[in-house]
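Here is what each chain is made of, one letter per residue.
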Amino acid sequence: MTAPALEVRGLRIVFRAGERKSTALDGVDLEVAPGEILALIGERGSGARALARAVAGVAQARPGAEITGSVRISGREALEAPPREAARARRDGLRALAGDPAGWPDPALPLARQGAEIGVEIDAALLAAAGLAAEVAAARPARALAEGARRRAGLALALAGAPPLLVLEAPADLLDPASRREMMAALRALARASGTAVLLTARDLPEAAEAADRVLVLYAGRPCEAGPARGVLARPAHAYTAELLGARIDLLADRAGPLPTPPGARPAAAETGPRCGYVARCPIAVMTCERSRPPMRPLPW
């Protein structure tokens, strides 16, 4: 049986600063199969970015970070293992494009040279999947490309050599709508061409559904809904997912007044206790939600 490209079990992340502590993630389980694209959906503070950075090994470097649980990349432990073994598991099993996408690829160098420096070849088929011409990799520095094309070139570089897993942080942020659609289409085509599994963060569910096979919606550091991307988009089962979709701006809609916003403020994961983290803002909450977190159960998508 083939091991998942990524397997996360009981992942918990706490950041400490003196006497204060903040729980960014409170026990998350997930799997990503080889060749599958999983999108982590949630607003700022949901825990999606912390999860992606923990998988990539970036969160561990933050002062005061306490990370527990298990992260296995292609069957190899990358969190609980000794530091050298964890580093080898990540080096052999994943590539990550985290943080500000303005730095990838290197704007001063052609893609072909950047690929040679990391020991991979960016072939014409990979460039075609990214919607780029072959001469782009041969001679032109990345800064000569438009922003959307440059980011797609970065994807092609990251997926050259078919790494088992790619971790992406908000790859389409700050692009115009047309470039965002091109970016997500290129991501899906490139992942299919390379056979690479992808874990990405996104704030826009419909946009993520253009590329992702599945989505995991997070709120206050906990999962609240998971399922096929288009199924969750068409029939959200959790009130928070429905609120996210309702708050999306539609430039073609004739809307008067402000966008719908749930009442109150988002709590930290540590403040919710055993109850559902969304209960104080949920329009359909019942007494059971106050006492315990509703279990995740399969739905007939």
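Whatever comes next refers back to the structure up there.
Counted by the stated rule, this structure contains three aromatic pairs. Measuring from ring centre to ring centre gives 4.9 Å for Y219 and Y278, while their planes differ by 85 degrees; the resulting arrangement is edge-to-face. Here the residue Y219 occupies a position in strand β9 (residues 214–219), and Y278 occupies one in the loop between α11 (269–272) and α12 (287–291), the gap between them amounting to 59 residues. You'll find Y219 and Y278 in the same group, each marked buried. Here the aromatic cluster, defined as three or more aromatic residues joined through ring pairs, consists of Y219, Y240 and Y278. For the cation-ring pair, R62 lies above F15, with the distance from its terminal atom to the ring centre recorded as 3.9 Å.

This part takes up the sheet that holds strand β4 (residues 65–73). In sheet architecture, strand pairing relies on hydrogen bonds along the backbone and comes in two forms, parallel and antiparallel. In spatial order, the strands read β2-β1-β4-β5; together these four strands make up an open sheet with antiparallel pairing. Only two strands of the sheet have a single neighbouring strand rather than two, namely β2 (20–32) and β5 (76–77). Bridging between β4 and β5 involves two bridges; their strand directions are antiparallel. Within β5, the residue paired with R72 across the bridge is E77. Of the strands in this sheet, β1 (6–17), β2 and β4 touch helix α1 (residues 48–56), which is tilted by about 110 degrees from β1.

Residues of helix α2 (residues 83–93) that are buried: A86, A89, R90 and G93. One side of α2 carries all its buried residues, which in axial view fall inside an arc of 90 degrees. Relative to its buried face, α2 has exposed residues pointing more than 90 degrees away, namely R84 and R91. At its buried positions, α2 is contacted by α1, β4, β5, β6 (94–97) and β7 (165–169).

A full pass over the atoms with the stated rule returns zero disulfides. The thiol of C224 is unpaired, and the distance to the nearest cysteine sulfur, on C276, comes to 7.7 Å. With a relative accessible area of 13%, C224 lands in the buried category. Residue C282 stays outside any disulfide, its sulfur separated by 6.3 Å from that of C289, the closest cysteine.

What the six strands build is an open sheet, ordered β6-β7-β8-β3-β9-β10; its pairing is mixed. Each having just a single partner strand, β6 and β10 (222–228) make up the two edges of the open sheet. Adjacent strand axes in the sheet meet at a mean angle of 15 degrees when their direction is disregarded. Packing against the sheet, helix α10 (residues 239–246) makes contact with β3 (37–41), β9 and β10, and its axis sits at approximately 100 degrees to β9.

For A142, the location among the structural elements is in the loop between α5 (134–138) and α6 (147–159). By relative accessible area, A142 is classed as buried at 2%. Considering only alpha carbons, one finds A142 and P107, 35 residues apart in sequence, at a separation of 4.5 Å.

Analysis parameters
- Just so you know, the residues in each chain are numbered from 1, in the order the chain's sequence is written.
- Restriction of local features to residues with pLDDT of at least 70 applies here, the model being predicted, together with a cutoff of 80 or more for giving and counting side-chain atom pairs; totals for whole chains, interfaces and linings are based on all residues.
- The side-chain quantities take in all heavy atoms of the structure and omit both hydrogens and water.
- Pairing of aromatic side chains requires ring centres within 6.5 Å, counting the rings of Phe and Tyr and the six-membered ring of Trp. Pairs whose planes differ by under 30 degrees are stacked, by over 60 edge-to-face, and all others tilted.
- Numbering of helices and strands starts at the N terminus; helices are DSSP runs of H or I of at least 4 residues and strands are runs of E of at least 2.
- Partly exposed residues are those whose accessible area sits between 20% and 50% of the maximum for their type, while under 20% is buried and over 50% is exposed, using a 1.4 Å probe and protein chains only.
- Think of it as a cone above the ring: NZ of Lys or CZ of Arg counts as a charge over the ring if it is within 6 Å of the ring centre and within 35 degrees of the ring normal.
- The rule for pairing is simple: two strands pair if DSSP sees at least two bridges between them.
- In what follows, residue pairs with any heavy atoms lying within 4.5 Å of each other are defined as contacts.
- Axes here refer to lines fitted to C-alpha atoms; in helices the fit is confined to the stretch in contact. Angles between the N-to-C directions go from 0 to 180 degrees.
- Read the arc as the range of directions from the helix axis to the C-beta atoms.
- The disulfide criterion is simple: two cysteine sulfur atoms within 2.5 Å.

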